[in-house]
Amino acid sequence: MSTTLTTPVTGIWSIDPVHSSVDFTVKHVVSKFRAGFGEVAGSYDADAGILRGSAPVASLDIAMEDLKAHLQSPDFFDAASHPTIDFVSSDVRRDGDLLEVAGELTIRGVTKPVTARGEITEVAAGPAGDILGIELEATIDRGDWGLDWNMDLPGGRKAVGDHVTMSVSLELGRPAAQEG
């Protein structure tokens, strides 16, 4: 059973880069490797149902510099040739606080359809105007975007799993009405 948002979500909302994140999880040998991007930008046009987001590959947040460099290399994200990961929705469906967002995800210059599911929050008053929260998750096959690097391990295992779960946590703002 879903609930109905009491405040309609309308207008254009901007992603707050300080309070938003784009993270991913992938199997590494026997555990899960988690990382994310330190920068995210974009907007949500609630009237048109268009959610846009972008994360610079250079903002990959990993403490180990050698691993960060390898993930930014042509073996993985190829940051020099494809500096951003981008998403643009084609359909946003809301059922109460549940959200389903279909769109196009571009990684390494390859664009493929993706559907993410999650939740949208009530509109709340924030210090600089209204704020809105969106939480989304989608699982993709990294090979569909040319992220094919792997390493054979003893016993026939691969070092890196094929499926990547992407988690997006967005706080979006809309400035308070300006008198003019």
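Residues numbered from 1 in each chain as written. Predicted model: local features only at pLDDT ≥ 70, side-chain atom pairs only at ≥ 80, totals over all residues. Heavy atoms only, no water.

Another point: the pattern of salt bridges. Taken as a whole, this structure holds four salt bridges when the rule is applied. One salt bridge in this structure joins Arg93 and Asp91, with 2.5 Å as the shortest N-O distance. Classification of Arg93 by relative accessible area gives exposed; the value is 52%. Here Asp152 makes a salt bridge to Lys158, at a shortest N to O gap of 2.4 Å. Exposure remark for Asp152: the relative accessible area of 57% places this residue in the exposed category. The partly exposed category is assigned to Lys158, whose relative accessible area is 45%. (Salt bridge = Lys/Arg side-chain N within 4 Å of Asp/Glu carboxyl O. Buried < 20%, exposed > 50% of the residue type's maximum accessible area, 1.4 Å probe, protein only.)

One can find Arg142 in the loop between β11 (129-141) and β12 (160-175). Notably, Arg142 is buried but unbridged: the nearest opposite-charge side chain belongs to Asp162, and the N-O separation is 4.5 Å. (Helix = DSSP H or I, 4+ residues; strand = E, 2+ residues; numbered from the N terminus. Lys, Arg positive; Asp, Glu negative; His and termini not counted.)

Next up on the list: unusual backbone geometry. Its identity as a non-glycine residue notwithstanding, Val29 has a phi of 55 degrees, on the positive side. Along the polypeptide, Val29 turns up in the loop between β2 (21-28) and β3 (31-37). Given a relative accessible area of 29%, Val29 falls into the partly exposed group. Phi at Arg108 is positive, roughly 60 degrees, even though this residue is not glycine.

For the rest of this paragraph, the subject is the packing of aromatic side chains. The final tally for this structure, using the stated rule, is five aromatic pairs. Between Phe24 and Phe37, the aromatic rings sit 5.9 Å apart at their centres with planes inclined by 45 degrees, giving tilted as the arrangement. Placement of Phe24 in strand β2 and of Phe37 in strand β3 is noted, with a sequence separation of 13 residues between them. A residue is classified by how much of its surface remains accessible, and Phe37, at 6% relative accessible area, is buried. Taken together, the ring pairs connect Phe24, Phe33, Phe37 and Phe77 into an aromatic cluster. (Phe/Tyr/Trp six-rings, centres within 6.5 Å; stacked < 30°, edge-to-face > 60°.)

The subject of this paragraph is the environment of Ser90. Mapped onto the fold, Ser90 is located in strand β7 (residues 84-95). It is 19 Å that separates the C-alpha atoms of Ser90 and Ser167, two residues lying 77 residues apart in sequence. Sequence-distant contacts of Ser90, defined by excluding residues within four places in its chain, comprise Ala102 and Gly103. (Contact = heavy atoms within 4.5 Å.)

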